[in-house]
Amino acid sequence: MMNFRQVAQLGLSILHAFKSHLHEPAYLLVTAAVSGALTVLGFAPFYFYLVPFATLLVLYWLLDQSSTPGQAGWVGLSFGLGMYAAGLSWMVGTLHDFGEMPSWLAYISTIMLCLYLASFTAAATWLVVYTRSLWFLPLAWGMADWLRSWICSGFPWLTMGYSQVPSSVLSSYLPVMGVYGLSIIVVAMAALIFYMLRFRGHRRWINALSALVIAGTAMTLQHITWTTKIGAPVSVALLQGNISQQTKWSVEQSKQIILSYLDLVDQADARVVVLPETAFPIYRSQAMGKTRGKLLGLASEKQADILIGMLDWQNGAEGRKKFNAVVNYGISGLQIQHKVHLVPFGEFIPLPLLFAPMYAYWFHMPHNDFSVGKRQPLFSLGQAEVAISICYDELFGGDLAEYARNADYLVSVSNGAWFGKSAGLEQYLQFSQARAIENQKIIVRASNNGVTAFIDKTGEVIKRAPKDERYILRHMVQPYHGSTLYNLWQDTPFWGLQLIGFITLIARLWIVKKNSQNHSTCV
């Protein structure tokens, strides 16, 4: 594993390779794009968490060489485009194979998404050079990551903080300030490395000391016991049906799919049995008669709770609404949770006036008209209180942290078949690992074809099922009691840092305006 000295040397070696050409815009942008692409090595499935420090070091150097805010914006756009193109290339297959989109449009759509995401990086780099304040990049980057999670319901993929999950010492900041706060920490550490290399004398030592304080605080946080064991372990079985996405919503196949999962439930020997997202490709109102009778009979026989992903609908003032749901058919009684965060383009159409024609002619995603659900009380499963998240819900740590504050463990269900055999599956697992660390509680994760896993409160995978196999994964899950600071505060520390940064930035803008004729570098 590389140390920080080796990280700095890696960053410098990239710079030296292009140094003689960096005055040429094309080489400058290529260097930024290559560095951005390499940043993906910090995320799953690679987990080389020190690599982002090297690539961010290169980005800092490029921004320091940028003569105008516009040039810095292009550098940021190239860096972001390289990172998202490398990290989201799997989307081409998803759009083409499962959305039935023509190949040429799948590539164009993926490129457009990457450009959209990279524009947030470009805005951050433009701002720091405009204000001549490279030290502001960590806060600007953190804000960019958060904005991506909010606009049009959000797409917070490859948030920089995830690159440190689960093994980096910096991941111990997650129970305090969440993944967006960790993004600030990661970019700030890269800034301190850059300044250590750039300056001499006391300024170098000040930055070195600051880096040591951040690392030392992280080591201290590792030894804090946020949650404690409560009660006896609970036997949990996760069912992985390995149903093909091409046949999942086929009316002709629905009966066979339900029978297949009922067979797995019959084989599962556990107090809590968890099926994946939309495991039953029917509405809850259709799960009556023999199906409901079979489920209740199995629950009574095994004295178990059976959590099943399926569709649900309700009539309201605005008409009939459709929901993605998890329903408990077990001995603890009927309990229902609807999905709170919907996947843009996959489960609803954002800006329908603009994008509805694309769905009509080129994009055929089943069930793209879901409604947003509301958080319900925790599921009471025996003596345990359990927080339920449905696939995309897991990407929104602050919302889940508040909901899971009083939970004993967390249940996550997803349909991994959308990702095929791509890195998207492992990236999703990394999100679950981050949520486990933020809440300091075990997460049990049931997926259709992978990754089905039990994740310890430290973010480490305890057990996982093989991919693309029909499988029952069992484990004794230890409930935990207590809350982390992130459970209590959510993103309050993040916003506190942003407020301080905003006030400082306003002061900096005033100084820049006052000294507009000063063309010094942005340090």
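### A word on the sheet that holds strand β2 (residues 234–240)
Thought 1: Taken in spatial order, the six strands make up an open sheet running β6-β5-β4-β3-β2-β13, and their pairing is mixed. Here the strands that pair on one side only, and so sit at the sheet edges, are β6 (335–338) and β13 (471–477). On average, adjacent strands in this sheet sit at an angle of 35° to one another, irrespective of strand direction.
Thought 2: Of the pairings in the sheet, the one linking strand β4 (residues 305–316) to strand β5 (residues 319–328) comprises ten bridges and is antiparallel in character. In the strand pairing of β5, G316 is matched with G319.
Thought 3: In the packing of helix α11 (residues 251–267) onto the sheet, contacts are made with β2, β3 (272–274), β4 and β13, and the angle to β2 comes to roughly 155°.

### Regarding helix α3 (residues 51–65)
Thought 1: Across its 15 residues, α3 extends 22 Å between first and last C-alpha, which sits within 8% of the 21 Å expected from 1.5 Å per residue.
Thought 2: Among the 15 residues of α3, 13 are classified as buried, and the element is accordingly described as predominantly covered.

### What about the pairing of β4?
Thought 1: Examined bridge by bridge, β3 and β4 share three bridges and lie parallel to one another. Considered in β4, the bridge of V273 is made with I306.

### Focus: the environment of S250
Thought 1: You can see S250 is positioned in the loop between α10 (245–248) and α11.
Thought 2: Between the C-alpha atoms of S250 and P281, which are 31 residues apart in sequence, the distance is 8.6 Å.
Thought 3: Only 2.9 Å separates the side chain of S250 from the side chain of E252, close enough to count as a polar contact.

### As for the sheet that holds strand β10 (residues 443–447)
Thought 1: One open sheet accounts for six strands, arranged β7-β8-β9-β10-β11-β12; its pairing is mixed. The open sheet has two edge strands with one neighbour each: β7 (379–381) and β12 (461–464). With strand direction ignored, the average angle separating the axes of adjacent strands in the sheet is 25°.
Thought 2: Bridging between β7 and strand β8 (residues 384–390) involves three bridges; their strand directions are antiparallel. Looking across to β8, one finds that L381 is bridged to A384.
Thought 3: Packed on one face of the sheet, helix α15 (residues 424–439) meets β9 (409–414), β10, β11 (453–455) and β12 and runs near 160° to β10.

### Re the environment of F494
Thought 1: Here F494 shows up in helix α17 (residues 492–514).
Thought 2: With a relative accessible area of 0%, F494 lands in the buried category.
Thought 3: Once the C-alpha coordinates of F494 and S183 are considered, the two residues, 311 residues apart in sequence, prove to be 9.8 Å apart.
Thought 4: Beyond its immediate chain neighbours, meaning those up to four positions away, F494 contacts G142, M143, W146, Y180, G181 and I184.

### Focus: the side chain of R435
Thought 1: Following the sequence through the fold, R435 ends up in helix α15.
Thought 2: At 2.7 Å, the side chain of R435 forms a polar contact with the backbone oxygen of E394.
Thought 3: In this structure R435 touches Y162, V179, E394, L395, F396, G397, L400 and I443, once residues within four positions along its chain are discounted.

Procedures and definitions
Residues numbered from 1 in each chain as written. Predicted model: local features only at pLDDT ≥ 70, side-chain atom pairs only at ≥ 80, totals over all residues. Heavy atoms only, no water. Pairing = 2+ DSSP bridges. Helix = DSSP H or I, 4+ residues; strand = E, 2+ residues; numbered from the N terminus. Axes fitted to C-alpha atoms, helices over the stretch in contact; angles between N-to-C directions. Contact = heavy atoms within 4.5 Å. Expected span 1.5 Å × (residues − 1). Buried < 20%, exposed > 50% of the residue type's maximum accessible area, 1.4 Å probe, protein only. Polar contact = N/O pair within 3.5 Å; in protein donor to acceptor, adjacent residues only side chain to side chain.

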